[in-house]
Amino acid sequence: MQQDLLGSPHRQHLNGANGNGAMNGAALRRVLPRGRRPHVCVVGAGVSGLRCADVLLQAGMRVTILEARNRYGGRLCQALHQGHLVDLGPNWIHGTEDNPILDLAKETGTITHAWDGRQCVYNQQGEQLSEQVAAEAEETIWSIIGDAMAYSREHSASIPASKSLLDYIKEKTQGMYLNEKSDEKRRELLHRVAEMWGAFVGSPVESQSLKFFWLEECIDGENLFVAGTYKKILDKIAKPAVEGAEIKYEQLVKRIISGTNEEDSTVKVELADGQTLEFDEVVITTPLGWLKRNKEAFEPPLPQRLTEAIDSIGYGCLDKFYVVFPTAFWNEAAALAPVSNGADIPTNARNSVPNTTATTQPLRQPSHVESQNYHYPGFTQWTAPTYAPTTNPEAWSQECVNMAALPAPTAHPTLLFYTFGATSQHLASLLADEANPHAPRPATSAKLLAFFEPYYSRLPGYEAGAPACAPLSVLPTAWAIDPLAGYGSYCNFQTGAERADQDVETLRQGVPHRRLWFAGEHTASFLALGTVTGAYWSGEGVGRSLVRAYGGEGEK
């Protein structure tokens, strides 16, 4: 039965720009010789490439996927660490309203988790703030972020390109606490808490464009942590391509040679091993960071406007470090103390601000804390630490997720640290000489753990020298030194951008008259940029456009 993929309002937006928009630039292809199916090359076996292949295969097309790694999934992948399967890529499902990734999670029985919103914050001296103070600071910042999102959406055209989200936050906080003692100290705390926005987009808050902050908005609903990892969801997405497409692993694309008009009927793809393959169409799903560094791979050069778009859209540097302990000593200590029922902690702003790319702290979570949650909070921030001058002389703020607070059977004694920007770059430099950055040598692991020790050592229950408090190992995701990931992860929108929305649309459009198409989280709908859902929809949109270009009607 024909399935109408345009039924969703989010998909209408996506296909209007990526699908139908691309079709407007490409007339129907010439009829192929009788019996010959269009042969489409998909560069990259990530979520967008796999979903695109699925749509094309259902339309009867021949699909070859060229993947430089020895596996499918791209940045969505897992690793087994100390007996626990963990995600090296995304941890979240961004929004629950009309989200196909959530549908896949339910279909595959993947366990997800909605955090209770509790958070622990340490000040610059390493002292834990009261739960009330921490919650008030966080709530105030999220309320301002909600205002910033609305202001950006309504006034984008008039906002200077140089203005950042941090500029807006400082303006809003300037008039706060004026009649109270230590008002400057309280405002400073708000600014420190706001710094952790960088973990949402992989770049510092002071470089987040206010003009295009609205592009960070996500699908409505909760942000769910994928407690059971993305493995079963990924395998489900990949199954049609694995069964129906030709997947060539460890094939690095070096050059893509296309014609300049519709009369040129094929595209040549040159591989690093010297092979040259020919296709009717090529879909490029490589990360934005790879495109930024490999624009010369296209011959002739890409159109100037497309090159400008690739250069203009920001690219983050988000990495994660799983630090595993023999036991969750912080949870055991917290279980001995009563937990607030949340009655005196403000939560309203979490339910009213627009949903954003929640890489760490979730929005729109339950507005209360159940009394049975006798565990350490799900999130901890160490703001501008001045007590680690040797390992962190710049006093970069840190944040971690308490994996021991996940639901059974997914919980394990692990602290998941999110790093971004300069912190990621610094830690990446320690891993630069590792043959396998995901399993660093003991000396490198010791350096990484020394970096994080000033923070986890302040958690409740920590005793220096106690075996239970000595980490077993650390697992880095290492995207910042991964050339296939483009030395980073996730698109974002930086100060200085003049037409970021048009840049995304230009990438969505691709170059159909040269038989070149682009997909990935950086080409997604304006409500899913930088997310797994966005990558999924982008591949779907390009697939539908190609089917229509050959006279088909879409997916069955």
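Residues numbered from 1 in each chain as written. Predicted model: local features only at pLDDT ≥ 70, side-chain atom pairs only at ≥ 80, totals over all residues. Heavy atoms only, no water.

Per an unreviewed UniProt entry, the protein is named Amine oxidase domain-containing protein, and its organism is Aplosporella prunicola CBS 121167.

1. Quick look at the confidence of the model for the protein
With 85% of its residues at a pLDDT of 70 or more, the protein has an overall mean of 88. This model gives residues 338–352 a pLDDT under 50, and the stretch forms 31 contacts once residues within four places in sequence are excluded. Contacts from residues 360–372, a stretch scored under 50 in pLDDT, to residues over four places away or in other chains number 52 contacts. (pLDDT = per-residue confidence, 0-100. Contact = heavy atoms within 4.5 Å.)

2. A few points about the sheet that holds strand E2 (residues 62–67)
Read from one edge of the open sheet, five strands run E8-E2-E1-E12-E21, paired in parallel fashion. Each end of this open sheet is capped by a strand with a single partner; those strands are strand E8 (246–249) and strand E21 (516–518). Here the average twist between neighbouring strands, direction ignored, is 20°. Relative to E21, helix H15 (residues 532–549) is tilted by about 155°, and along the sheet it contacts strand E1 (39–43), strand E12 (281–284) and E21. (Pairing = 2+ DSSP bridges. Helix = DSSP H or I, 4+ residues; strand = E, 2+ residues; numbered from the N terminus. Axes fitted to C-alpha atoms, helices over the stretch in contact; angles between N-to-C directions.)

3. Things to note about the packing of aromatic side chains
The final tally for this structure, using the stated rule, is 24 aromatic pairs. Within the aromatic cluster, the residues linked to one another by ring pairs are Tyr 122, Phe 321, Trp 382, Tyr 387, Phe 417, Phe 451, Phe 452 and Tyr 455. We note Arg 75 situated over the ring of Tyr 490; from NZ or CZ to the ring centre the distance is 6.0 Å. Over the ring of Phe 526 we find Arg 508, and its NZ or CZ is 4.4 Å from the ring centre. (Phe/Tyr/Trp six-rings, centres within 6.5 Å; stacked < 30°, edge-to-face > 60°. Lys NZ or Arg CZ within 6 Å of the ring centre and 35° of its normal.)

4. Quick look at the sheet that holds strand E15 (residues 319–324)
Taken in spatial order, the six strands line up as E6-E16-E17-E18-E15-E19 in an open sheet, and their pairing is mixed. A strand with exactly one partner marks an edge of an open sheet, and here the two such strands are strand E6 (119–122) and strand E19 (473–476). When strand polarity is set aside, the average angle formed by the axes of neighbouring strands in this sheet is 20°. In this structure, E15 lies alongside E19, joined through four bridges in antiparallel fashion. Paired with Tyr 322 across the bridge in E19 is Leu 475. Here helix H13 (residues 442–456) sits on the sheet in contact with E15, strand E16 (379–382), strand E17 (398–402), strand E18 (414–419) and E19, set at roughly 100° to E19.

5. A look at helix H8 (residues 231–244)
Spanning 14 residues, H8 covers 20 Å between terminal C-alpha atoms, matching the ideal 20 Å at 1.5 Å per step. Among all positions in H8, only Ile 233, Leu 234, Ile 237, Ala 238 and Ala 241 are buried. On its buried face, H8 sits against helix H2 (47–58), E2, strand E3 (78–81), helix H3 (100–108), E8 and H15. (Expected span 1.5 Å × (residues − 1). Buried < 20%, exposed > 50% of the residue type's maximum accessible area, 1.4 Å probe, protein only.)

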